[in-house]
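Here's the letter readout for the chains.
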Amino acid sequence: QVQLGESGGGLVQAGVSLRLSCVVSVRTFSNYVIGWFRQAPGKERELSARISWTGTRTYHSDSVKGRFTISRDNGKNTVYLQMNNLKPEDTAVYYCAAGLWHSSSASDYAYWGQGTQVTVSP
């Protein structure tokens, strides 16, 4: 029903920027919230940001607030995560996901991409 594909990860030095992209294959986006999650080795998957497909509602976690910005371009069926001033603690696999609720819990998102690795060196 919904397919998502992430891209844009890589190996970068601390202080630089990356932009992740999530292409969402679905007929309409009005029923879905899109979230960016990340999971570091040995840690729980956590929400970094989410956005309502229609409207302007966004959320950013305390750990990324002021550095990361989620946005969307429905004409391209794409959600972005602009990551500025990257820190080593941002190293993780980043996933985009689609759900029906404005939630911070991974269990509330039914559709997931395959993930893209972001590695930040000191």
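Relevant structure appears above.
Residues numbered from 1 in each chain as written. Predicted model: local features only at pLDDT ≥ 70, side-chain atom pairs only at ≥ 80, totals over all residues. Heavy atoms only, no water.

Undergrad: An account of the state of the cysteines is needed here, citing residue identities and associated values.
TA: This structure, assessed with the given rule, holds one disulfide. The disulfide bridge from C22 ends at C96, spanning 2.1 Å between sulfur atoms. Looking down the S-S bond of the C22 and C96 bridge, the torsion is 70°, so its handedness is right-handed. Of this pair, C22 sits in strand β3 (residues 18–25) while C96 is found in strand β9 (residues 92–99), placing the two residues 74 residues apart along the sequence. C96 shares its class with C22; the two are buried. (Disulfide = S-S within 2.5 Å. Helix = DSSP H or I, 4+ residues; strand = E, 2+ residues; numbered from the N terminus. Buried < 20%, exposed > 50% of the residue type's maximum accessible area, 1.4 Å probe, protein only.)

Undergrad: Report on the layout of surface pockets, specifying residues and quantitative values.
TA: Take a probe with the size of a water molecule and roll it over the atoms, and the empty space left behind shows itself. Empty space within the largest pocket amounts to approximately 150 Å³. Residues that form the lining of the largest pocket fall into these classes: two nonpolar, three polar and five charged. (1 Å grid on protein atoms, 1.4 Å probe; cavity = no way out; pocket = protein on both sides within 12 Å on 5 of 7 lines; lining within 4 Å. Points joined across faces, edges and corners; volume = space filled by probe spheres on them. Nonpolar A, V, L, I, M, F, W, Y, C, P; charged D, E, K, R; others polar.)

Undergrad: Let's hear about the side chain of R50: which residues, and what values?
TA: Along the polypeptide, R50 turns up in strand β5 (residues 46–52). Here R50 occupies a buried position and makes no salt bridge, while the nearest side chain of opposite charge, D108, is found at 8.6 Å. Those residues in contact with R50 that sit more than four places away from it in its chain are V33, I34, G35, R57, T58, Y59, I70, H102, S103, S104 and Y109. (Lys, Arg positive; Asp, Glu negative; His and termini not counted. Salt bridge = Lys/Arg side-chain N within 4 Å of Asp/Glu carboxyl O. Contact = heavy atoms within 4.5 Å.)

Undergrad: Describe the sheet that holds strand β1 (residues 3–7), and please don't skip the residues or the numbers.
TA: Reading across from one edge, β1-β3-β8-β7 is the order of the four strands in this open sheet, with antiparallel pairing throughout. A strand with exactly one partner marks an edge of an open sheet, and here the two such strands are β1 and β7 (68–73). Mean inter-strand twist for the sheet, computed between neighbouring axes without regard to direction, equals 15°. Two elements, β1 and β3, share five bridges in a ladder whose sense is antiparallel. Its bridge partner being in β3, Q3 is matched across the sheet by S25. (Pairing = 2+ DSSP bridges. Axes fitted to C-alpha atoms, helices over the stretch in contact; angles between N-to-C directions.)

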